[in-house]
Amino acid sequence: MSNTKADDRPLFTYTIGGVKIEMPVKPYPSQVSMMDKVIRGCQRRQNCLLESPTGSGKTLALLCSALAWQRAEKARLEKLSEEEFQQSLIEWQQKEQQKKLKEKKQKKLNTPEKKLAETNVSPAKTKGLSLSTVVTTSDDSEEEMAIFKQPGKKRKINNSRDLNVSDGKSMSNDESIMTNDSSANNSLMTEDEDEKIEPQSGTNMPKKSRPVIPVIYFCTRTHKQIEQVIKELQRTSFNTARSCVLASREHTCIQDSNLYYPQISYKSKTELCRDLLDPKARRRNSLKFRRTIDRCSYYDNGGVKISTYGQLAKYGVESVWDIEDIVRLGISKKSCPYYGTRLLLKTAEIVFCPYNYIIDPVIRSTMNLKVKGHVIIVDEAHNIEDQCREAASLQLDQTNMNLARADCEKVYKSCSNSLSYSRLARYLSDLSKWIDQMSNEIKTYDDYNRGVISWTGTYTLASFDDFGIGLTAFEKFKKDCETVLADLAEESEPDDTKTDIKENEQNELVVKDEDETIENFSPQDNFDASITNATKTLLSSICSVFSLLHDEKYKFDYHVSLEKIMELKKYEHKDRRMKTAGIDGWINGAAQPDDSRPVWKNVISFLCLNPAAVFGELKSTARTIILTSGTLSPMQSFQSELGTQFPIALEAGHVIKTDQCWVSSVSVGPDGIDLNGQYRNINTYNYQDEMGKVLWDVCVAVPHGVLCFMPSYMLMEKLYNRWQVTGQLDRLRRIKVVMCEPRRGDQLEELMTKYYAAVRGDEKGPSGALFLAVYRGKISEGLDFSNNNARAVVAVGIPFPNYKDAAVTHKKDYNDKHHKNKGLLPGWEWYQIQAYRALNQALGRCIRHRNDWGAILLVDSRYEQPKNLSGLSKWIRGRVETNSSWSTIMAKLKNFVEIRQHNDSIAALI
C-alpha cells in the first residue's frame, strides 16, 4: 500500500505488530524482516542481534521501525495516562464529597437542637450560606453516598475558580469538569452547585502525569557514520522527530584555539573550554601570564540561545540536524553548540552519538546520559565486545599517578576545608608504594630492558588488603572522589536552572576579583586551588575500574600485569610559565638543559577479560538493546560474552542478485605454489613471489580499484619490500597506482583522496589503483568503496589475532577456565570468531548497494576445507566456489568482469 505526502514524496506504508511504518522507498524483504524484529524487540522488551549486509538498507529500516514504534508507544502511554487520570479524578471527587458529608454530619451532631431550629430559615434567604445550615439529612451515610454511585446526568462543579483537569490549575467555566450526578433537581446537588469544591493548600487533588516516552539512542562508531545516518533520517516522514547529536568539544567548540597564543597554547578544545569556564583556572592563568583571562564569550549560560527546538525552528534549523548545522547556528548566534546540544538532549526523541558514549560508564556519567527504560541501537556493533572490555580496563602510569597525588596535595595545602583532597593524595601515595613493592619481584628483563609480572584479580585484591588499600580504603577513596568531582563540576559548569541575573552577578564578581587580584598580586597569593583535568580523569577512571575489580561478581574477570621499562627521559630547561603542557595538565620539575638520563618506568594494567562487566549495567537498565551490523557473523559469541540474552536474531540475505558478486577460494597461484597463510609459509620467498604474481594477474583482469587485505602490517611491509627487490612492484605500478595503508590515521585522508583520483583516472599514468591494507584497519571500517572504487577484494590469509599478544593469551586462557561455569565459548573457538569477524568486515567493502558488483578472492589453501568457510557471513558463504587451478580462476574472473561491464554499458544507454 502506498500513498503520497504533502511534499509529493511517495510513502510506502506497512503495519507490523500493530505499528504503522512509513518508508520513503519500497522496502526489500530483508528490510521488512529487520523492521519486524525491531518492533517485536521493542514491544516485548527483548534484545536483538540483527545482521544485514551493507547496501541492504539496514539504517533506513532501523530508523523507520524504531521511530514508528516510539510514535505508537507515545500514543498508547498518553491514552493510558489520560484514563488513569480520569479514574483518579473521579475517586478524588468521591473522597472529597464523602469527607464533606462527614464534616456536615459531625457539625449537626455537635449543634444544639434549639439553635438549629432558630437557624432554619426559608430557602430564599439561604442563598450563599453553608450547606450545613440548610439541609437536614438522614444519619444514613450510605444513602448520602449512593447518589455518587448512581448513573445519571452530568453536572458542572461551578466555582469562582473552576478546576483544570489537566494540571489542577484554574480554568474558564467552559472547561469545567463534567461528573456523574443522580439528578439535576436533587436538593443536595443544587446546594453543591453553590458550594466551592476546589483544592485548598495541602489538597491532594490528582494531577495529570506526563508519561515517560522511551528515547531512541542510536549509536555508531564515528561522527562520519552519524552524518550518513542523519541524511537517511531526513529522507523519511519521521524528519520532524526531535533529534540530538552528541559530540565532543573537538567537533562542536567554536572558540578560537589560539585565543591566548603564544602565552597559552592548548592541546585540545576540551582543555580550552574547561579553563575558560573554571573561575579558578581563569584566575590562576591571569596571575601567571599577567593578563585578564575572560570567560568564554560563547558559553551564554550553557548555550541557552540554541537550547530548545522552538529556537532552532525560529532560526531555520530543522528538528533533525547535523553537527555542521548546529555549529553554524552557534557561530551565527554566538552561543555554544556543545552546551546547547546538552540542553536539547533533555527533550530529544532520538539521540545520535558514538557508541563509547553509551558503553563507557565514565563517559556516560560525564554526559549525564540516562538509559533506564530507553531503547539502545548500536550500529556497526561487531566490535562491541572489545569496546566493553576496554571500557572496563585501566592502564596506570606510575609517573602520572604521582603527579595526580601531588596535585591533590597542592589543593589540600592551599585550602583549609579540603580534607577529601588529603585522603585522595594518601590513597594514591599508598597505591604508588604498592606498585614499587610489587615491581621488586620482577627479576628477568628482555633485550629491551623490559620486565613483566602478572597476577589474577583475586590475588591483586588480597595483596591490596595486606598493604592496607583494600575494599575499606577504596570505598573511602571513592566517596571522596565523588564529593570532589561533584563539587568541581558544580563550580566549573554553573547550573542551567540559575537565573540570568544571578549568573551575571557571579560573572561580575569573578571579573572584579580577577582585576583586583592582578593589581594587588604578591608571590604569597595562592592561585593553584584546583586539581587539573588530567587528575580528574585519572580519579574517575580509577573509581570506575576498581569498583568492578572489588565487585564479588567480577573480581575473577581481571588479570593484572606490571611492566617495568627503562627509557631515556629527555629534560629541557624552560621557564615554568611558558610550559604549554602545564596549562591544564601535569608539569614535571625543571632539570638541567638538554639532559637525557635512563629512568625506570612502572606501568600497571588492569585488564578486564569479561565484557559483561560493563554491558551488564546496560542490560539491566535499558528497555531493549539492538545490536546490528553488516558483519556480526559468527553470532554465537555475543550472548555468552556479553552475558545477555538475545531472543531475537536475524541473519538477512543480500539484496543483490547472484550474478553481481563472484566469490572464489584460491589455493595456489600461477606457478602452483601453495598459498597457505600460516606463519611458517608466509616467510618463504616462494610464497611472497607467488602473491605478487597473483595480484598482477588480478590487476590486469579487473579495472579501476582493487583492495588487498593482509593479516598484519608486518606481512604487508614484508611483501612490499620483497617486490621492490624482485621488480614485481614496478610491474604492478605499470598497470595500477599502488598504495599502502599508513599506520597513522592522520595520513589516511590525503591518501584516500589520491586513491579516488587514481580510480577515476584524473591524472596521467596507470588507470586504476591497488590499495594494500590490513584487517581491522581504517580501510576495512566504513570507508566508501562503492562502484569502481572496489571492483575486487583480495583477502589474504585468515586474520587470527596475534597469539603473542598478552591480552589475547589471557583472554583465551580465561575462556578455557570459565567456559563451563559461565557458558563462554572455549578459548580456541573465541579466537577463531575474532578472525572471521575481521575477515567479514573487510569483505563487506566489495558490495555497497543493490546495483554494485565485484569479485572476492579468498587467498588461502585452508579455505578448501568446509569448516573454514562456516565463519563467513551468510550472504558470502553460499557463493564461494572452490577452483583447483589458477587458470580456471582467472578465466572465470575475466568472464565475470566482461559480463558486468557489458551490462553497465547497456544500462548507461537506457
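Participant: What's the story with the nonpolar core in this structure? I'm lost.
Facilitator: By size, the foremost hydrophobic cluster in this structure holds 141 residues, and its most contacted members are Phe352, Ile376, Phe477, Phe546, Phe606 and Leu627. Look past the residues within four positions of phenylalanine 546 in its chain and what remains in contact with it is Leu394, Tyr427, Leu431, Phe464, Phe474 and Phe606. Core analysis: the second largest hydrophobic core is formed by 40 residues, Tyr687, Leu695, Cys708 and Val794 among them.

Participant: Sorry if this is basic, but what is going on with the packing of helix H26 (residues 685–701) against helix H27 (residues 713–726) here?
Facilitator: How two helices pack is summed up by the angle between their axes together with the distance between the axes. The N-to-C vectors of H26 and H27 enclose an angle of 80°; their axes lie 10 Å apart at closest approach. When the axes of H26 and H27 are compared, the pair comes out roughly perpendicular. Residues Tyr685, Gln688, Asp689, Met691, Gly692 and Leu695 of H26 lie in contact with H27, whose contacting residues are Lys718, Leu719, Arg722, Trp723 and Thr726. When its residues are assigned to classes, the contact of H26 with H27 shows five nonpolar, three polar and three charged.

Participant: Can you walk me through the state of the cysteines in this structure?
Facilitator: The term disulfide refers to a covalent linkage connecting the sulfur atoms of a pair of cysteines. Scanning all chains against the criterion turns up zero disulfides. There is no disulfide at cysteine 740, and the cysteine sulfur nearest it, in cysteine 708, is 9.7 Å away.

Participant: How should the pattern of salt bridges be read in this particular structure?
Facilitator: Pairing between side chains of opposite charge can happen when the charged atoms of each approach one another. Applying the stated criterion to the full structure yields 31 salt bridges. Between glutamate 82 and lysine 208 there is a salt bridge, with its nearest N and O atoms 2.3 Å apart. Placement of glutamate 82 in helix H2 (residues 58–110) and of lysine 208 in the loop between helix H5 (187–194) and strand E9 (216–220) is noted, with a sequence separation of 126 residues between them. Overall, the relative accessible area of 35% leaves lysine 208 in the partly exposed class. A salt bridge links glutamate 409 to arginine 405, with the shortest nitrogen-to-oxygen separation between them at 3.2 Å. Of this pair, glutamate 409 and arginine 405 are both found in helix H17 (residues 398–414), four residues apart, which corresponds to roughly one turn of the helix. Each of Asp386, Arg389, Glu641 and Lys811 takes part in a single network of salt bridges with overlapping partners.

Participant: Just to check I follow, could you spell out the side chain of arginine 848 for this structure?
Facilitator: Within the secondary structure layout, arginine 848 lies in the loop between helix H31 (827–843) and strand E24 (854–859). A polar side-chain atom of arginine 848 sits 3.0 Å from the main-chain carbonyl oxygen of glycine 844. Apart from residues no more than four positions distant in its own chain, arginine 848 is found in contact with Thr54, Gly55, Leu783, Phe785 and Ser786.

Participant: Honestly, helix H6 (residues 223–234) in this entry has me stumped. Any pointers?
Facilitator: In an α-helix, one turn spans 3.6 residues, which is why side chains three or four residues apart end up on the same side. Counted at 1.5 Å a residue, the expected span for H6 with its twelve residues is 16 Å, and the 17 Å between its end C-alpha atoms agrees. For H6, the set of buried residues is His223, Gln225, Ile226, Glu227, Val229, Ile230 and Leu233.

Definitions and cut-offs
- Residues numbered from 1 in each chain as written.
- Predicted model: local features only at pLDDT ≥ 70, side-chain atom pairs only at ≥ 80, totals over all residues.
- Heavy atoms only, no water.
- Core = buried A, V, L, I, M, F, W, Y, C linked by side-chain atoms within 4.5 Å.
- Buried < 20%, exposed > 50% of the residue type's maximum accessible area, 1.4 Å probe, protein only.
- Contact = heavy atoms within 4.5 Å.
- Axes fitted to C-alpha atoms, helices over the stretch in contact; angles between N-to-C directions.
- Helix = DSSP H or I, 4+ residues; strand = E, 2+ residues; numbered from the N terminus.
- Parallel < 35°, antiparallel > 145°, perpendicular 65-115°, else oblique.
- Nonpolar A, V, L, I, M, F, W, Y, C, P; charged D, E, K, R; others polar.
- Disulfide = S-S within 2.5 Å.
- Salt bridge = Lys/Arg side-chain N within 4 Å of Asp/Glu carboxyl O.
- Polar contact = N/O pair within 3.5 Å; in protein donor to acceptor, adjacent residues only side chain to side chain.
- Expected span 1.5 Å × (residues − 1).

Honestly, that's just the spatial picture; any functional story needs more than this.
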